[in-house]
Amino acid sequence: MDTLLKVNGRKHRLRLDERVTLLDAIRENLGLTGTKKGCDLGQCGACTVLVDGRRVLSCFLLAATVDGEVATIEASPAKVSRCMRCRRHFGTAMLFNAVIAPLGRS
Ligand code: FES
């Protein structure tokens, strides 16, 4: 299925299976690995991105259903800093990346 995603201000036309989550599309197809896969169950928030300025759990959203502009942690700080809740969730993701994820690699 052809899917058009606008991520961090750039448009990407992707051919994806309709079951691919936004998280997997961002990480595996676009190579933006700042968004992390934690629980993959909608509980940890490590996969949080913004869609049109609203935070969403990208592991719970099918890429083909996204209708809006996606901002990941790689986006400009100005976009991310607009929303305090988002900053908290991105902070959780950064904490996950810095502290928790390395523990699983050993
Ligand atoms: S990976 Fe944990 S909420 Fe999405």
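The rules behind these values
Just so you know, the residues in each chain are numbered from 1, in the order the chain's sequence is written. At least 70 in pLDDT is required for a residue's local features to be given in this predicted model, at least 80 for side-chain atom pairs to be given and counted, and no such filter applies to totals for whole chains, interfaces and linings, which use all residues. Secondary structure elements are defined from DSSP: runs of H or I of at least 4 residues count as helices, runs of E of at least 2 residues count as strands, and each element is numbered from the N terminus. Exposure in this text rests on C-beta crowding, where 20 or more other C-beta atoms within 10 Å of a residue's own make it buried, 12 or fewer make it exposed, and counts in between make it partly exposed. The C-beta atoms are placed from the backbone. Placing a C-beta atom from the backbone of each residue, one calls two residues in contact when those atoms lie within 7 Å. For the purposes of this analysis, a nonpolar core is taken to be any set of buried Ala, Val, Leu, Ile, Met, Phe, Trp, Tyr and Cys residues that are connected through C-beta atoms within 7 Å.

*Asks:* I'd like a description of the overall build of the chain, backed by residues and values.
*Replies:* In terms of regular secondary structure, the chain is built from three helices and five strands. Along the chain, helices (α) and strands (β) appear in the sequence β-β-α-β-β-β-α-α when read from the amino end. Counting over 106 residues, the chain shows a buried share of 27%. Put simply, of all contacts in the chain between residues at least 6 apart along the chain, 50% involve residues at least 24 apart.

*Asks:* Tell me about the nonpolar core, residues and numbers included.
*Replies:* Core analysis: the biggest nonpolar cluster contains 17 residues, and L5, L22, A63 and V70 have the highest contact counts within it. Only β1 (2–7), α1 (22–29), β3 (48–51) and β5 (69–71) provide two or more residues apiece to this core. For this core, the element with the highest residue contribution is α1, accounting for four residues. The contact partners of V70, leaving out residues within four places of it in the chain, are L5, K6, V7, V49, L50 and V51.

*Asks:* Could you give an account of unusual backbone geometry, naming the residues involved and the relevant values?
*Replies:* Even without a glycine there, the phi angle at N8 is positive, about 50°. When you line up the elements, N8 lands in the loop between β1 and β2 (10–15). Here N8 falls in the partly exposed class, since 18 other C-beta atoms lie within 10 Å of it. Unusually for a residue other than glycine, D40 sits at a positive phi of about 60°.

*Asks:* Before we move on, could you go through the environment of S58 and cite the residues and values that matter?
*Replies:* Position of S58 relative to the elements: it lies in the loop between β4 (54–57) and β5. Look past the residues within four positions of S58 in its chain and what remains in contact with it is T21, L22, L23, I26, T35, C47 and V49.

What is shown is where atoms sit, not what they do.
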